[in-house]
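Descriptive structure summary
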Amino acid sequence: MIIGVIGSGGREHAITKFLSFSKKVNKIYCFPGNAGTENIATNIQIDLNNFEKLKNFIDENKIDLVIVGPEQPLVDGITDYLQKFNIKVFGPNKIASQLEGSKIFTKKLCEKYNIPTAKFGIFTNSKDTLNYLGQVNYPIVIKADNLASGKGVYICNTQDEAIVAVEEIFDGKFGEAKNILLEEFLNGEEMSFFIITDGTTIKNFGTAQDHKRVLEGDKGKNTGGMGAYSPSRLYSSEIEKKILDRIIKPTLKGLKDLGTSYQGFLYAGLMIVNNNPYLIEYNVRMGDPECQTILPRVKTDLFEIINSCVNEDLKNSNIEWKDENSVCIVLCSKGYPEKFEKNVEIKNLEKLKLRNNSYIFHAGTKKIQSKICATGGRVLNFVSLSENFSSARKEILENLNNLNWENGFYRKDIAHKVIK
Ligand code: AMP
Ligand code: GLY
């Protein structure tokens, strides 16, 4: 089989790596990939907004299956476009991708199907929003209705903070803002819950907890994710049943009622309050860095799982898991998530010796004149599997210390809730 993987992050390097272990996979193209995927696949620079060019490349190179990593092409309808030409694609269609593309679409679905979520209000201009903000209890959560890589969310403790948020959103900080969402603040613990579905069968695809804040102790600015651990300490079969019955199944039914169905990975970002799950947000893809943390725990051939999903035969796929726990720490460029230097060489990387059960997945890297350079804010993902979280993290910290990249920084406290 010849596979195409769309994306360039740590998630896509991890997906490419585990696909490359499959006997059934002969060749992988990454669009555009990074310096990590380059060693196991062919990186292709193509404008991902130009679906026709991509389709022509897929035809000419006889690609059998396309796997879409990030949300943007899904929300833009890449699946619908390629499927019109009978190309097999793993990832939801445009309507279903609104689960991530529009927070308001999801909130309305929650309302209609009684899915537990924070109480909310939708406003279309700053005057009404600001009026309303004079009458509410704080903290309150304010969200832009755009794809904002997790950055369009404000937790406001005072009315003054709320006013700044409303102004920034309506001023277009996250793109043109037609709507703004005000949400009740849910006080609980977060959990990332993943499933894979072919439209009929639903299978668990692991749980994790990520650390979004840039500083140790979960402080500072929000980022794309500084690290994660899997499984989540909140997982139990009891909570899983509640999540499936109250959240996932009604959502998939809602999409069916709209005349469509969901195929691919679905990521539910949940707040667990008193052992009950509330939906915070959906993502129509694997999480990043959750994917890098979860895939090493999967025993079953990743290609077989994805292939059975696109062939709508997931019920016959048995997804087996390792017992070990997994931790991922993200090595970032100094300055991230604000300004950082680009094209800085990462010396020592190719000399680093990893033990079994340890991995490095590239994110913002590129080979420039045969040197591996950092081009992004999140640069490398260090992952280790172990029988306990503590030894997994210790192994990662040793590897990071051996790399000793001067331009990088990372959090040493990832997984602190499960490590004494
Ligand atoms: P989102 O992009 O919707 O996942 O929001 C980013 C982060 O903001 C989440 O991971 C939560 O930590 C926090 N958050 C979002 N909505 C709420 C809420 N209603 N109550 C408490 N925290 C929230
Ligand atoms: N780790 C958060 C996300 O992938 O959206």
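Let us look at the structure shown here. All of these numbers come straight from a predicted model, not from anything done at the bench.

Turning our attention to the site of ligand 1. Among the 16 residues in the neighbourhood of ligand 1, the closest are listed as E183, E184, L186, E190 and E281. Within the side chain of K143, one N or O atom sits 3.0 Å away from a nitrogen atom of ligand 1. The contact in question runs from a nitrogen atom of ligand 1 to an N or O atom on the backbone of E184, over 2.9 Å. With the chains in place, 92% of the 470 Å² that ligand 1 exposes on its own is no longer accessible. Going through the elements one at a time, β7 (140-144), β8 (153-156), β9 (180-184) and β16 (276-283) are the ones with two or more residues in the shell around ligand 1. A class-by-class count of the residues in the shell around ligand 1 yields 8 nonpolar, 1 polar and 7 charged.

Take the sheet that holds strand β2 (residues 27-32) next. Reading across from one edge, β3-β2-β1-β4-β5 is the order of the 5 strands in this open sheet, with parallel pairing throughout. Whereas interior strands pair on both sides, the edge strands pair on one side only; in this sheet they are β3 (42-43) and β5 (88-90). Strand contacts of helix α11 (residues 302-310): β1 (2-7), β4 (65-68) and β5, with the helix running at about 115° to β5, the strand carrying the most contacts.

This part takes up the pattern of salt bridges. Applying the stated rule across the entire model yields 24 salt bridges. The partner of K107 in a salt bridge is E183, and the shortest N-O contact between them spans 3.6 Å. Note that K107 is positioned in helix α6 (residues 103-112) and E183 in strand β9, a separation of 76 residues in sequence. On the basis of relative accessible area, K107 is assigned to the buried category, the value being 4%. According to the relative accessible area criterion, E183 is buried, its value standing at 6%. Close ionic contact of E190 with K212 constitutes a salt bridge, the shortest N to O distance being 3.9 Å. A residue pair is termed long-range when its members are at least 10 positions apart, and E190 in strand β10 (residues 189-197) and K212 in the loop between β11 (202-210) and β12 (213-215) qualify at 22 residues. Here the residues in one salt-bridge network are R355, K394, E395 and E398, joined through shared partners.

Here D210 shows up in strand β11. Setting aside residues up to four positions removed in sequence, D210 forms contacts with G227, A228, Y267 and E290.

Near ligand 2 you find D210, G224, Y267, N283, R285, G287, D288, P289 and E290, and these make up its full shell. Here a nitrogen atom of ligand 2 and a side-chain polar atom of E290 are 2.8 Å apart. Protein coverage of the free-state accessible area of ligand 2, which is 200 Å², stands at 89%. A class-by-class count of the residues in the shell around ligand 2 yields 2 nonpolar, 3 polar and 4 charged.

A few words on the pairing of strand β20 (residues 365-368). Pairing geometry for β20 and strand β21 (residues 371-374), over 4 bridges, is antiparallel. The residue of β21 that forms the bridge with K366 is C373. Where β20 folds back onto β21 in an antiparallel hairpin, the turn is made up of 2 residues, including Q369, whose phi is positive at roughly 45°.

Further remarks concern the packing of aromatic side chains. Enumeration according to the criterion identifies 16 aromatic pairs in this entry. Ring plane angle 85° and centroid distance 5.5 Å describe the contact between F18 and F21, whose orientation is recorded as edge-to-face. When its relative accessible area of 11% is taken as the criterion, F18 is described as buried. Among the residues examined, F21 registers a relative accessible area of 52% and is labelled exposed. Ring geometry for F18 against Y359: centres 5.6 Å apart, planes inclined by 50°, an arrangement best described as tilted. Within this pair, whereas F18 is found in helix α1 (residues 10-20), its partner Y359 is found in strand β19 (residues 358-362), the two being separated by 341 residues in sequence. This pair shows no difference in class: F18 is buried, exactly as Y359 is. Through a chain of ring-to-ring contacts, the aromatic side chains of F18, F21, Y359 and F361 assemble into a single cluster. A cation sits over an aromatic face here: K27 above Y29, 4.8 Å from the ring centre. Lying over the aromatic face of F85, K55 brings its terminal NZ or CZ to 4.6 Å of the ring centre.

The next subject is the packing of helix α7 (residues 126-133) against helix α8 (residues 159-170). Contact geometry for α7 and α8: axes closest at 10 Å, N-to-C directions at 165°. Here α8 runs roughly antiparallel to α7, going by the angle between their axes. Judged by the sense of rotation from one axis to the other, the crossing of α7 with α8 is right-handed. Contact residues: S126, T129, L130 and L133 in α7; Q159, A162, I163, V166 and F170 in α8. Here the contact of α7 with α8 is built from residues that sort into 6 nonpolar, 3 polar and no charged.

Turning our attention to the pairing of strand β17 (residues 325-333). Burial of β17 is extensive: 9 of the 9 residues sit out of reach of the surface. Note that β17 and strand β23 (residues 408-409) share 2 bridges and pair antiparallel. Across the sheet, the residue bridging to C332 is F409, located in β23.

Turning to the sheet that holds β9, a few remarks are in order. Ordered in space as β6-β9-β7-β8, the 4 strands form an open sheet in which the pairing is antiparallel. Pairing within the sheet leaves two strands with one partner each, and these edge strands are β6 (120-123) and β8. Across the sheet, the mean angle separating the axes of adjacent strands is 20° when strand polarity is ignored. Alignment of β7 against β8, held across 4 bridges, turns out to be antiparallel. Directly across from K143, in β8, lies its bridge partner V153. Docked against the sheet, α8 engages β6, β7, β8 and β9, running at close to 165° with respect to β8.

What counts, and at which threshold
Residues numbered from 1 in each chain as written. Chains lettered and ligands numbered in written order. Predicted model: local features only at pLDDT ≥ 70, side-chain atom pairs only at ≥ 80, totals over all residues. Heavy atoms only, no water. Near = heavy atom within 4 Å. Polar contact = N/O pair within 3.5 Å; in protein donor to acceptor, adjacent residues only side chain to side chain. Areas by Shrake-Rupley, 256 points an atom, 1.4 Å probe, with all protein chains shown as cover. Helix = DSSP H or I, 4+ residues; strand = E, 2+ residues; numbered from the N terminus. Nonpolar A, V, L, I, M, F, W, Y, C, P; charged D, E, K, R; others polar. Pairing = 2+ DSSP bridges. Contact = heavy atoms within 4.5 Å. Axes fitted to C-alpha atoms, helices over the stretch in contact; angles between N-to-C directions. Salt bridge = Lys/Arg side-chain N within 4 Å of Asp/Glu carboxyl O. Buried < 20%, exposed > 50% of the residue type's maximum accessible area, 1.4 Å probe, protein only. Phe/Tyr/Trp six-rings, centres within 6.5 Å; stacked < 30°, edge-to-face > 60°. Lys NZ or Arg CZ within 6 Å of the ring centre and 35° of its normal. Parallel < 35°, antiparallel > 145°, perpendicular 65-115°, else oblique. Left-handed = near helix turned anticlockwise from the far one by under 90°.

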